[in-house]
Amino acid sequence: GYRALPLSDPSCQALVEFIRAAATAAAASGQGPMASYTPQAHALLLENLACRGSSRDTAAAALEGLVELLGCTADWIRGRQDMQQQAAQLQERYSSSRMPWLMHWLSHHHLPVRLATARLIALAASAAATEADQALQQQLLGMFPELEGAAATTGSSKLEEQEGSMLAVGLLAARAASCSQPALPADHLQQVVAALLQQLRHHTVTGTGRGSSGPAAGGSTSRLTLAGAAALALGYIGLTGKIDIPGLIAPDQRQPNNSSSDTTGAAADGKNSSSTSSKNSSVLSLLFELAGGKDSRAALRAVTAVGYIAAGSGSSDVHLAAAKGIVSLSSVKGVLEELLMALGEAAAATAGDVSGFDPQLLLWSNLDSIADCVDSVLGPESDAATGSEQPAKQQQQQPGGGVDMEVDAAATCPGVAGRGDVQQYLLQQLTGTMAVSSKEEVRCAGCLLLVYLVQLCRGSALLAEQLPQLQATFTGLLGDSNELTQDLAARGVSLVYTRGGAALQQQLLGQLLGLLQGGQAAAGPGSSAAGAAGVKVSADTKLFEEGQLGNTPGGAGLTTYRELCSLANELGQPDLIYRFMDLARASSALSAKRGAAVGVARIARLAATATGAEEGGLASLLGPERLSALLPKLYRLTHDPSPKVSESMSAIWSALLDDPRAALDTHFNPIVKSLLVDVGARLWRVRQAACAALTDLLSGRRWSQLEPHMEQLWVMGLRAVDDVKESVRAAAGSLVRALRGISLRIMDLQQTPPADVAGCCRIVLPLLAGSIGLGSSVDVVRGVSADVICTGLKTAGSAQVLPVLPAVVPVLLEALSGMEDARLNYVEQHASAIGIDAERLAAARLAAARASSLTEALDAASRALTADAFGELAPGLAALIRRGVGLSTKAGTARLIRSLATRLGQDLKPAAPALLKALLAAVTSESSMQVKRAYAGAAATLMVRCVGDKRKDKFVTDAVASYGAVAISISPWHRGDAAPAAAAMSVDESSGSAEEASRQSGGLLLRELLKDSNDTFNKYASQILPVAFLACHDESSSVSGVWSMVWSEGSPSEPAALRMFAPELAGMIAGCMASSSWDRKKAAAKALLAVADVAGEQLSPYSPALAQLLLTEVSGGRLWEGKELLLQALGGLGANCTATLAQQPGTAVLLKGLLAAAGRQKSSYRAAALASLQKVLEALQRLGGLADGQAVWAVVSPTLLAALQRQLEAASKQPDKPASAVENGTGATARQGDNANEEVKPLPLSETCSCLSSACKLLPVELHGDAVSAAVPVLTGLMAAPGLPWASWLAVVTLASTVLDTAGNGPLVVACIPLAAGLVHVLQHSTISQLRLKCLEALVKLLKAVEDAHATNEFQTANGQAGQLGSVNKGSTGPGGLSSLVSSCLAEIQAQDPASAHKALATEAGQILARCLQQGV
């Protein structure tokens, strides 16, 4: 029944292993409590574990333990007679009483349980009687599936029981045949063989679908399972070599000259010809057919059976047929790795000479393969491969190859004779065909079979002779694209190394090292052409892995030679195939390195074991010279991009060196040199690996180690950063970051001795400041270089960086602009177009540059520089000033010079003149205002602190002269002096008009001088300020703005300064007036006007000369834009220096000059002349009695009255002309047609009236009547003229009011009475409040004068004249005459005018008029 185990399944299995190990140890020592442990006790434990409650793994472990007991194969039983006797007693007990219990396990669902049970049944049956064995045989045969015709049924037994019965009956027959006295007769054994053959044939045919198309066919898994069980059972029987298996091979597979009888049934082959319908139905054919099926377990059992049968057979025909079948099956595509390993064992078993192979041990133990059996007898393959002592082994000298090989004479496999042909065939197929096949799966299979031959067939003399060829084959396969092939080839290399003698070992080791170093392995002695020729390329040869080269445009792959040729033809570039083949060769070379690495690692372990050391065995074999040549390449390969290659190389590295760090220290120089060469290699993976290796190698190194290589490390590292391959760039980035950290650590004075800091600065800083660093076009390179330089300059001491500063500083200054975004230059050039203030943009750029790390580094360099070093640096700075490019570079250069001049002062005196000269020229030539200011500031600082007095004088003189002002020496005029003489040029001569940049540069220099040293500026103030004031009025805003700051900041008080420098200003103004430049004349005029307004008294002595110059300019010459300023200056001079000018050149001259200017054709010019004339006339009024009013009136009145008359005529002739035309003199009155006789335009009416009004105020009393009589008719006519603008009427009314004032209340008022009609006309035709108010005031004034003068009769007498005048107006005067006209107008104003002021004046005027009329009555 069901019984649960007291322990868990893993605990039960561990218990079995523990007891087995304890028993084995006790048996070896003969001591301990387990020394008396008996097989019966162990069997009881195992039987209790194999219960229904146990898991399948526990049951399998228990039954396998029983197999070791009954088969006497357990380690603690083998070789102990007493234990073997107890095991024999167990066999008897099991045969008599435990057989039903075993038959129960035969149908278990777990295969290991069924297989162990089959072995137990066979072992137990060997102790039973013959009748019992026969009955057991029949019982097992009865469990076979029933075969009926072409179809078969499974009977009453289930599949597991049928499989177990086949295995059990095969083992039972093998056990019976192996005994000295067979327990079963020969006919019973043949019955077993026949039954198994029948099952094999039927289930193979039906299971693969070849024999039927019914439901039972079609590749049934159950039938293939049964076929596999039958095949394995036949293999057990064939392994003994004592039972005939009929029909192993077909008759046509026999060799003609083979006279030996086939012990496995040559005669029986004829007797059973009915069972073999064709050669394809031979047993081996069936087995290979089953091996090529889809069921992996059945295929594996079939191949195992082939190996067992070939091992037990003595027929060379069978061996050769089996070998051909193995080679053929292994060449099929898609063979599983597990099946290939089985084929390898089968090939070794077929070839024979398998040392240590015991068929009985394989049958009656839990071993599953021949290799496990050999390892069990001789020890593990790793131990065997090390060359340790093995039984029955002798050293033989091979006659053909001259190579020592260890040949095992104890080949226990039966039928050793006659295997030479099979071995020769296998070697020819494996090395000459499969190893060089164009199909990678075929090469892999051939390599695996060859490895198994070399590993297992240790007693073969033929293999010993062919070791050089095997070496060449394995070495060639190290570069295969298949990783399994590489690993197998590496294993084969280690096996050849183990089997070969000293000469072959050295040759093999040299080849592997050559592969690691990038060379090609040479073929060894005796190697065939096929073995050394390499892989044959066919159309379907796979050259690249899937996806390694991508896909074609159509989506097809690029892996085979055919596909690559097709792509090359489609692209029209047939030569492209050679590039593809070159890539394939490079890929193969890489694979060869990996395979060689695995092989060398295996040899290293062998060498370590042979020398008795854990490590360093291979190093002792190589020797110092070869080790030094290998280490650089090997170290680089440990960092290969392929993880598998790097892992393989790392394994070699660890096995090769006892202390890798010490080895790196010892071979540091050759490794670094080799890696630096590899950084520039053609293959990207070499470059990437070299960068990664250098990154790892440089960690923690001292300057003494790095100094010889530091320059080249930076050069190659920065070059690799710009590699075309992204992965290489990433690896190079890591290298550069490592170099950065190392360099900064060494250049840190707090971490490194000063001598090392100086050495590193001497190499690294100039290098990174050169073309490969800051001069590179790669952003990453420039960024790293700038970072290292900036940080290094700040952390290294001043003494350490001083020698390199003359070379580094100019590059840093250039980098200020080079590190900027290039798009900023475009924005600056198009700032105005996109609406950006260029000056603000430049200021922002300079602010960003000042905040950068480069500026911090320059500040550190400035603090470290000495006067001697500056002498070396000065030419570079001067070159940057003259030819520097970039806003930040120029401003940074100026800032550095200013900082050094401030700190070092007079120590810079030898180099200062050259720099000052360059700066002064740059201030003029530079276009950017920000840079101009920076250069000017640097020049001013140099001038103040670093040069002598003569240089300072020249600096100021040149700055002042840069404006180009010409000073004329003017002698002051005093009363009684003659007219001013001709002026002479002063010492401050200039070439005339200067360029705007030159005029601006002087102001910039002097303003910076003022900011830097106020004392120095004050010393030269008398020389600077007059020019500064004159330049303040320059027409260019940029020039005037700069000089205005000099004037405003340099003069303590503007009025005081003007009074102080009036003489100097007079001379400069006179010089500018004499200039041919209109802009200079305008600037002088504005300056003169300003000086005259503020310092007229101080300017008076010089006013005659200035007035003479101005009169000459304004009265003659061509008219140019802005010449009106000269008239304004003349008016200002006349208004502020009137007393002097009235004497010299005289009032009449001055007035005539202005009137002459008013006679010019340009309207604005005439208006300006009249405005200046009015200012002079007003100033003459202020003189009082000193002014000769009669003379003034005599000069101005004819012209002005004539102008009024012409205005009247123009208004009368053009009644419908717009007022603007009359006012501006553009009507027909000004131009009489387009003929050549054009009349001069009349003077502007408003300005003329104003001037005439001022002149009237200067008249003496005796001339009032003449003035009134001359003016009243014209004014009356102008007021009555139609179409005049209100402003003109206002000027006329104002002049009329002045004339009334001139007439007074005396008799002259009678002459003014006609003005009333004009005033009424204006009131009737104008609605302008200001004009109406002025008219009413004049009318009130006139009526009061009439009333006061008792001139009522005259007023009434004028009615008739008014009537005549009124006929010209729109309204009629009516029968009442002038009085009636005035009265009605006043009444209308009182009634309708909304303005109260107007009404009040109208009322007042009406009252006066009423009184006058009453007086008259």
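Here is a short report on the structure shown in this document. (Residues numbered from 1 in each chain as written. Predicted model: local features only at pLDDT ≥ 70, side-chain atom pairs only at ≥ 80, totals over all residues. Heavy atoms only, no water.)

Once that is clear, we can look at the overall build of the protein chain. If you tally the helices and strands in the protein chain, you get 69 helices and 6 strands. Considering the protein chain as a whole, with its 1417 residues, one finds that 54% of them fall into the buried category. (Helix = DSSP H or I, 4+ residues; strand = E, 2+ residues; numbered from the N terminus. Buried < 20%, exposed > 50% of the residue type's maximum accessible area, 1.4 Å probe, protein only.)

Turning to helix H35 (residues 754-768), a few remarks are in order. End to end, H35 covers 21 Å across 15 residues, agreeing with the expected 21 Å (1.5 Å per residue, within 8%). Approximately 30° is the largest bend angle found in H35, and it occurs at cysteine 761. Every buried residue of H35 is listed here: Val757, Gly759, Cys760, Cys761, Ile763, Val764, Leu765, Leu767 and Leu768. Those residues of H35 hidden inside the fold are in contact with helix H32 (703-706), helix H33 (710-721), helix H34 (726-746), helix H36 (779-795), helix H37 (798-801) and helix H38 (805-818). (Expected span 1.5 Å × (residues − 1). Bend = angle between axes of the 7 residues up to and from the residue. Contact = heavy atoms within 4.5 Å.)

What follows deals with the side chain of histidine 1264. Residue placement: histidine 1264 occurs in helix H62 (residues 1264-1280). Of the residues examined, histidine 1264 reaches a relative accessible area of 14% and is grouped as buried. Of the polar contacts made by the side chain of histidine 1264, one reaches the backbone oxygen of threonine 1302; its length is 3.1 Å. In this structure histidine 1264 touches Leu1259, Thr1302 and Leu1308, once residues within four positions along its chain are discounted. (Polar contact = N/O pair within 3.5 Å; in protein donor to acceptor, adjacent residues only side chain to side chain.)

With that settled, consider the packing of aromatic side chains. In this structure the tally under the stated criterion is 8 aromatic pairs. Between the aromatic rings of tyrosine 963 and tryptophan 1043, the centroid separation amounts to 5.9 Å while the plane-to-plane angle is 70°, which identifies the pairing as edge-to-face. Linking tyrosine 963 in the loop between helix H46 (949-961) and strand E5 (968-969) with tryptophan 1043 in helix H50 (residues 1037-1050), this pair joins segments that are 80 residues apart in sequence. Seen from their ring centres, tryptophan 1078 and tryptophan 1120 are 5.6 Å apart, and the 10° between their planes marks the pair as stacked. Residue tryptophan 1078 is located in helix H53 (residues 1078-1094), and its partner tryptophan 1120 is located in the loop between helix H55 (1103-1115) and helix H56 (1124-1136); the two are separated by 42 residues in the primary sequence. Taken together, the ring pairs connect Tyr94, Trp101 and Trp105 into an aromatic cluster. The lysine or arginine in question, arginine 175, covers the ring of tryptophan 364, its NZ or CZ lying 5.0 Å from the ring centre. (Phe/Tyr/Trp six-rings, centres within 6.5 Å; stacked < 30°, edge-to-face > 60°. Lys NZ or Arg CZ within 6 Å of the ring centre and 35° of its normal.)

Once that is clear, we can look at the layout of surface pockets. Roughly 960 Å³ of internal volume is contained in the second largest pocket. What lines the second largest pocket is a set of 43 residues, among which Arg297, Leu300, Arg301, Thr304 and Glu338 lie closest to the centre. Only helix H5 (111-125), helix H9 (221-240), helix H12 (296-312), helix H14 (337-351) and helix H16 (370-378) provide two or more residues apiece to the lining of the second largest pocket. Of the residues forming the lining of the second largest pocket, the biggest block, 9 residues, is contributed by H12. Residues of the lining of the second largest pocket, tallied by class, amount to 24 nonpolar, 8 polar and 11 charged. (1 Å grid on protein atoms, 1.4 Å probe; cavity = no way out; pocket = protein on both sides within 12 Å on 5 of 7 lines; lining within 4 Å. Points joined across faces, edges and corners; volume = space filled by probe spheres on them. Nonpolar A, V, L, I, M, F, W, Y, C, P; charged D, E, K, R; others polar.)

Right, let's talk about the packing of helix H40 (residues 838-850) against helix H45 (residues 929-946) for a bit. Geometry of a packed helix pair, given as the angle between the helix axes and the separation of the axes. Contact pair H40 / H45: the axes reach a minimum separation of 9 Å and the direction vectors enclose 55°. Put simply, H40 runs oblique to H45. For the pair H40 and H45, contact is made by Glu839, Ala842, Ala843 and Leu846 and by Met929, Gln930 and Arg933, respectively. Tallied by class, the residues present in the contact of H40 with H45 amount to 4 nonpolar, 1 polar and 2 charged. (Axes fitted to C-alpha atoms, helices over the stretch in contact; angles between N-to-C directions. Parallel < 35°, antiparallel > 145°, perpendicular 65-115°, else oblique.)

So, about the environment of tyrosine 236. Take tyrosine 236: it is sitting in helix H9. On a C-alpha basis, the gap between tyrosine 236 and leucine 167 in space is 8.6 Å, while along the polypeptide they are 69 residues apart. Setting aside its immediate chain neighbours within four residues, tyrosine 236 contacts Leu115, Arg119, Leu167, Gly170, Leu171, Ala174, Tyr308 and Leu363.

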